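A structural walkthrough
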Amino acid sequence: MKQIPLEDNFTDVIGKAQRGLQISDEQLATKANVSAADLARVKGGDADEIVLRKIAPVLNLRADALVELGKKAWYPSVPAQIPGLACFNTTWEDMTVNSYLVWDEKTLQGAAFDTGADCSDMAKFAKARQIRIQTILLTHTHPDHIADLERLKQATQAAAFVCKLEAFDGAETFDAGKRFVVGPLQIETRQTKGHSRGGITFVVSGLPNRIAVVGDAMFASSMGGGGVSYSDALTTNRQGILSLPDDTILCPGHGPLTMVGIEKTHNPFFP
Ligand SMILES: [Fe+2]
C-alpha cells in the first residue's frame, strides 16, 4: 500500500478541540497562561513545545502526542501487508479519501467499505483476483465516502447498508449492533457517532488480523471533527474503538492505517 500522509497536523487538532469545547483563542490563552501573540504564532504553524505543553491540558489533549505531531517525525508503524485487506485512496476535491476491501482468501468472498471518490480501482482489484463483493457497508454518508455508490452497486450487484440514523435512498438500513456475515468473516457494527449522526465502526474477525473500519470516527493521531457532537465522538471512540485489543488494525476514512495500541499512546484526543 502506498504511504498516505497523516490527515491532520497539530494546528488541525488544536482547532478541532477548540471548536469541540467551544473555547475561544482569548479563553485558551488566559487559561493556559500564554500570551495572545504566542498562541497566534503556534496556531499559525510554529510548533513551540513550551506553548503546546501549556495549552494541551486546557484542551484535554495529550501533550506528548501533540508535541510529537508538531515535530512531524512520527508515522504509525503498521505491518506492510495485511492479508485480506486492501486500501484504495482516491482524490476528492483538495484531499484524499479511503475506501477498503476485505476478503477471505479461501472463498474469495468480500465486503466493500465505502466507495471513496471513485470505485474503479477497487472494482479492478476485485476482478483481477476473482473476489466477489457480497455487500457494501457504509461508515457514514458524508459525500466523499459514498460518492461512487451507484457505480459500485452496479459493478458488484451487491446491496449497500447504512446505519438507520443516516438513512438515504441508495442503501438498506440497519441498527448498530447488527452482525454481517461474509463467507467465514464476521462483521460486528459499533456506533461511533459524533463526527456524523450515525457513524459506524465495522469490526471484522476471521482474518489473521482483527480489522476495524472506522470511517472518520478516528484518524491516525487525530479524529474527524465533532461536527454533530464532540463529546459523543470522544465517548463513542473510547467505547467502540479504543476498547478493542491493541493489535486491532484501524482503517480510517482519511490518512494512514493505524492500530488501537498505537492510538492509545499517540492520539492527542485520548489522554
Ligand atoms: Fe466524514
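Residues numbered from 1 in each chain as written. Predicted model: local features only at pLDDT ≥ 70, side-chain atom pairs only at ≥ 80, totals over all residues.

Brief notes about the nonpolar core
Within the largest apolar cluster, 74 residues are counted, with the highest numbers of intra-cluster contacts made by Ile55, Val102, Ala212, Leu250 and Cys251. Per-element accounting of this core gives the leading share, 5 residues, to strand S2 (residues 95-103). Here this core spans two domains, since at least three of its residues come from each of domain 1 (10-71) and domain 2 (85-266). Every residue in contact with leucine 250, bar those within four places of it in the chain, is listed here: Ala212, Val214, Met218, Ile241, Leu257, Thr258, Met259, Val260 and Glu263. (Core = buried A, V, L, I, M, F, W, Y, C linked by C-beta atoms within 7 Å. Buried ≥ 20, exposed ≤ 12 C-beta atoms within 10 Å, placed from the backbone. Helix = DSSP H or I, 4+ residues; strand = E, 2+ residues; numbered from the N terminus. Domains from an automatic or database assignment. Contact = placed C-beta atoms within 7 Å.)

Quick look at unusual backbone geometry
Here asparagine 60, not a glycine, exhibits a phi torsion of approximately 55°, which is positive. Note that asparagine 60 resides in the loop between helix H4 (49-58) and helix H5 (63-71). Even without glycine at this site, leucine 108 takes up a positive phi of about 60°.

Remarks on the domain arrangement of the protein
Bring the parts together and some accessible area is lost; that lost area is often taken as the interface size. Entries for the protein in the domain assignment read domain 1 (10-71) and domain 2 (85-266). On a C-alpha basis, the centres of domain 1 and domain 2 stand 31 Å from each other. Counting residues at the interface gives 9 residues for domain 1 and 6 residues for domain 2. Elements with a minimum of two residues in the side of domain 1 that touches domain 2: helix H1 (10-21) and H5. Top element by residues in the side of domain 1 that touches domain 2 is H1. It accounts for 6 residues.

A word on the sheet that holds strand S9 (residues 200-205)
Taken in spatial order, the 6 strands line up as S7-S8-S9-S10-S11-S12 in an open sheet, and their pairing is mixed. Two strands lie at the open edges of the sheet, namely strand S7 (179-182) and strand S12 (258-259), each paired on one side alone. Relative to strand S8 (residues 185-191), S7 runs antiparallel, the two being bridged by 4 bridges. What sits directly across from valine 182, in S8, is leucine 185. (Pairing = 2+ DSSP bridges.)

Considering the pairing of S2
Regular strands have side chains that alternate between both faces of the sheet. When you tally the buried positions in S2, you get 7 out of 9 residues, the bulk of the element. Where strand S1 (residues 85-92) meets S2, 8 bridges bridge the pair, whose relative direction is antiparallel. Each residue of the ladder has a partner; that of alanine 86, found in S2, is leucine 101. Once S1 ends, the chain turns through 2 residues before running back antiparallel as S2, passing glutamate 93 with a positive phi of about 50°. As judged from the 4 bridges shared by S2 and strand S3 (residues 109-113), these two strands associate in the antiparallel manner. Across the sheet, valine 102 pairs through a bridge with alanine 111, a residue of S3. Counting the residues that bridge the hairpin from S2 to S3 gives 5 residues, and of these leucine 108 lies at a positive phi of roughly 60°.

Comments concerning the environment of glutamate 7
Looking at the element boundaries, glutamate 7 is found in the segment before H1. Spatially, the C-alpha atom of glutamate 7 lies 28 Å from that of glycine 177, the residues being 170 residues apart in sequence. Once you skip the residues sitting within four places of it in the chain, glutamate 7 turns out to touch Phe219, Ser222, His254 and Gly255.

Some words on the environment of serine 229
Of note, serine 229 is situated in the loop between strand S10 (211-215) and helix H9 (230-240). Spatially, the C-alpha atoms of serine 229 and phenylalanine 161 are 23 Å apart, while their sequence positions differ by 68 residues.

Some points on the pairing of S8
Two successive antiparallel strands, S7 and S8, enclose a turn made up of 2 residues, where glycine 183 displays a positive phi of approximately 55°. With 6 bridges joining them, S8 and S9 adopt antiparallel strand pairing. Across the sheet, glutamine 186 pairs through a bridge with serine 205, a residue of S9.

Side note on the sheet that holds strand S5 (residues 159-163)
Read across the sheet, 6 strands follow the order S1-S2-S3-S4-S5-S6 without closing on themselves; strand pairing throughout is mixed. Here the strands that pair on one side only, and so sit at the sheet edges, are S1 and strand S6 (172-174). Neighbour-to-neighbour, the strand axes of this sheet turn through a mean angle of 30°, independent of strand direction. Of the strand pairs in this sheet, S5 and S6 are connected by 3 bridges, and their pairing is parallel. Paired with valine 162 across the two strands is threonine 173, which belongs to S6. (Axes fitted to C-alpha atoms, helices over the stretch in contact; angles between N-to-C directions.)

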